[in-house]
Amino acid sequence: MGPAVISLALLLAAVGFALLVWRKLRIVLALQPESRGDQPWQRLRTVLVNGMLQRRMIEREWRAGLMHAVIFLGFMALLLRKLHLIVIGYRETAAFPAAFGGPFAAFKDAIELAVIGAVLYAFYRRFVQRPARLERNREAILVLSLILAIMLSDLVFDGFRFVLLADAVPAIAHERDFAFAGAAVARALSGWSAPALQAGYALSYWTQMALVLTFLVLLPTGEHFHIVTALPTLFFRRGRAPNRVPTVDLERLMAATDEAQMQAGVRSARDLSWKDGLDAFTCTECGRCKDACPTHLTGKPLSLKAVNDSLKTHLLEQRETIATGDPTNELPPLVGPVISPDTLWACTTCGYCEAACPIELEHLDKFFRMRQHQVMIAGEFPHPLKKVFEAWEVQGNPWGLPAEQRGDWARGLGLPVVGHAAEAAGLDYLFYVGSAMSFDPRGQKIARAFVGLMQHAGIKLGLLGAREGSTGECARRLGNEMLFQQLAGALVSTLGDLGVTKIVTCDPHALNSLRNEYPAFGGHYELIHHTRLIADLLAQGRLHVEPRLERVIYHDPCYLGRHNGEFDAPRAILARLTRDAPLEFALTREKAMCCGAGGGRMWLEENVGTRINVLRVEQALAAAPQTIATACPYCAVMMADGLAVAQPGGATQSRDLAELVAEALIDR
């Protein structure tokens, strides 16, 4: 076929591919180090299951997932065929041994037809179905067209090859006997003249090779670079829910003697980790991160896809400065020129984007670290947060109400306020109330209902009262790591002095922080959410309810569900409370949309787009519920406020599960 030509083409393609890959890889290698090599076997399993077998892709949307899986696996399976084509360029009669060649020919044809079908479905989705998350994308159309052309040209080449060589080369004749699609093409071409067959044979081969090598060189230039980087990215994934904020070394920060050493979080691209850079270059731009993103659905300028696209463009623009590693070469800040402040502060940290991403790209850690820099170093953050931070500093709660009033809501309930370790030892659980339920009237009602249930079941609870203190969870997610560590240190000390080990809370945010973040600060506790405890007590027969409710829909709190995996306990409770089957949101469980209060957004007004809680309530009202059930004090407030806007004076109510159980409680 032309050994000199194929050798030159391979050399040029290999050099082009290597140079374009290095253009991005050198940026990634120049970013901040981060260890990602623990649990190698578990990482390899993820590569196999979510990478090679595409489980995460298929589970969440099976049609599009199956389409992508067929194209990906077809690409992987046909690598051997492309090597065969290269060998044919040096010796055109090259063929596999008969025992392998025949079955492989049949397998190849089946895969190529499957890939053709998958690509045609991809075109159908983009041009006919047009899901909102799939924006117009010339590169995607080009790559799909290349894949389709590669598959078709390979079948056509087989047809010409079989007509011209099968009768003279037994091994090729053996392939023809198995290659049902290629043999069909050969039969269609059998009446052509010899010159036409020779011309078609050469044209189809070189077209095939030109397409394959062009595809190879194009891969590193755009979003389809993920074909190269997706499997390594999966291997180096975080491997857990994004429920912990990166810690700032405050001792090192306070010991800094000049401005250059006073660093916290992420200011510029140079502060990003190499995994952040790899994620940006690996983003497939599939848009799955937007399906239940509360900010995207309400018209705010935030999506993981858009953030990665902005970071990728910026990294390439600044590649020489980054790659040299010279700290005297100043890089522009990320917040402002690259990531707008509206984008940074819009995030509710609900974690949907990471849960939806088929290759587990990481988003929240970058935003947490950007917020840390903005708050602790730059002093640039939304103005309303200044009063909130001051309230935490002075009174230990974001409402700014007197700390000594923290336990006033429990007056008359007969709950002991724990004063020493012996009292704590006599409890089944310490009830960590949290600021939202200590000071907000809506939360106080939930707390009283929960305490009544526990007393009815004979569970011994105790409070810290004025000594309780905030977990600082919201402050941390707003970037004020110094304030968080002060609050955490005080609470760990209090709980440690009392010997507290078992804690129940109605607040998923407090549960997440105490369970997943406090161990790094010396706080090790056994945490249980109030819905899990209530569900257990119902199952044990220590609580009894009469099913009175109808048309109840449950809103999954992000920090209970996605961040901590508790989806079933609230539904088990509802199953006992309702006379009919509980309703579900269209966006539910792992795909549930946030209420809008997470990540400190409780303390910020929404000035861009639709209010998140209003949209979430409208999603509930589509199912015509009588009750929206919640399991988080923040969600309770947001759902009630959303109902006041979306259904003023309507019949639908918002109630915490503890309140619903308390109202349905019966004696036996």
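Let me begin by describing the structure that accompanies this report.

Cut-offs used in this document
Residues numbered from 1 in each chain as written. Predicted model: local features only at pLDDT ≥ 70, side-chain atom pairs only at ≥ 80, totals over all residues. Heavy atoms only, no water. Axes fitted to C-alpha atoms, helices over the stretch in contact; angles between N-to-C directions. Helix = DSSP H or I, 4+ residues; strand = E, 2+ residues; numbered from the N terminus. Parallel < 35°, antiparallel > 145°, perpendicular 65-115°, else oblique. Left-handed = near helix turned anticlockwise from the far one by under 90°. Contact = heavy atoms within 4.5 Å. Nonpolar A, V, L, I, M, F, W, Y, C, P; charged D, E, K, R; others polar. Buried < 20%, exposed > 50% of the residue type's maximum accessible area, 1.4 Å probe, protein only. Lys, Arg positive; Asp, Glu negative; His and termini not counted. Salt bridge = Lys/Arg side-chain N within 4 Å of Asp/Glu carboxyl O. Pairing = 2+ DSSP bridges.

1. Remarks on the packing of helix α23 (residues 441–457) against helix α31 (residues 657–664)
Here α23 crosses α31 at 50°, and the two axes come no closer than 8 Å. Classed by the angle they form, the pair α23 and α31 counts as oblique. Regarding α23 and α31, the two cross each other, and that crossing is left-handed. Seen from α23, the contacting residues are Arg442, Lys445, Ile446, Ala449, Phe450 and Leu453; seen from α31, they are Ala658, Glu659, Val661 and Ala662. Of the residues that constitute the contact of α23 with α31, the class distribution is seven nonpolar, no polar and three charged.

2. Details of the side chain of Arg56
Within the secondary structure, Arg56 is located in helix α3 (residues 55–60). Although Arg56 lies buried, it forms no salt bridge, and the closest oppositely charged side chain, Glu360, sits 4.2 Å away as judged by the N-O distance. With residues up to four places along the chain from it excluded, the contact list for Arg56 reads Asn50, Arg288, Glu354, Ala355, Cys357, Pro358 and Glu360.

3. Describing unusual backbone geometry
If you check the backbone angles, Thr349 has positive phi at about 60° while not being a glycine. The residue Thr349 is located in the loop between α17 (341–346) and α18 (352–356) in this model. In this structure, Arg551 takes a positive phi of about 50° despite not being glycine. Residue placement: Arg551 occurs in the loop between α27 (530–540) and β5 (552–554). The class of Arg551 is partly exposed, set by a relative accessible area of 31%.

4. So, the environment of Leu79
With respect to the helices and strands, Leu79 occurs in helix α5 (residues 79–90). Among the residues examined, Leu79 registers a relative accessible area of 40% and is labelled partly exposed. Residues Leu79 and Phe160, 81 residues apart in the sequence, show an inter-C-alpha distance of 21 Å.

5. Re the sheet that holds strand β6 (residues 627–630)
Taken together, the three strands give an open sheet; going across it, the order is β5-β6-β7, and neighbouring strands pair in parallel fashion. The sheet is open, and its two edges are formed by β5 and β7 (653–656), each paired on a single side. The mean inter-strand angle of the sheet, taken between neighbouring strand axes irrespective of direction, is 30°. Direction of pairing for β5 relative to β6: parallel, over a ladder of three bridges. Considered in β6, the bridge of Tyr554 is made with Ala629.

6. Section: the sheet that holds strand β2 (residues 461–462)
Hydrogen bonds along the backbone pair up the strands of a sheet, which may run parallel or antiparallel. Judged by pairing direction, the sheet is parallel, and its four strands sit side by side in the order β2-β1-β3-β4 without closing on themselves. Of all the strands in the sheet, the pair left with one neighbour each is β2 and β4 (526–529). When strand β3 (residues 502–505) meets β4, the two strands line up parallel, connected through four bridges. The residue of β4 that forms the bridge with Ile503 is Leu527. Lying over the sheet, α23 contacts β1 (429–432), β2 and β3, oriented at roughly 170° with respect to β1. α27 contacts β1, β3 and β4 of the sheet and is inclined by roughly 75° relative to β4.

7. A closer look at the environment of Ala95
The topology assignment puts Ala95 in the loop between α5 and α6 (98–129). Residue Ala95 is classed as partly exposed on the basis of its relative accessible area of 28%. Distance in space between the C-alpha atoms of Ala95 and Glu175 is 8.3 Å, their sequence separation being 80 residues.

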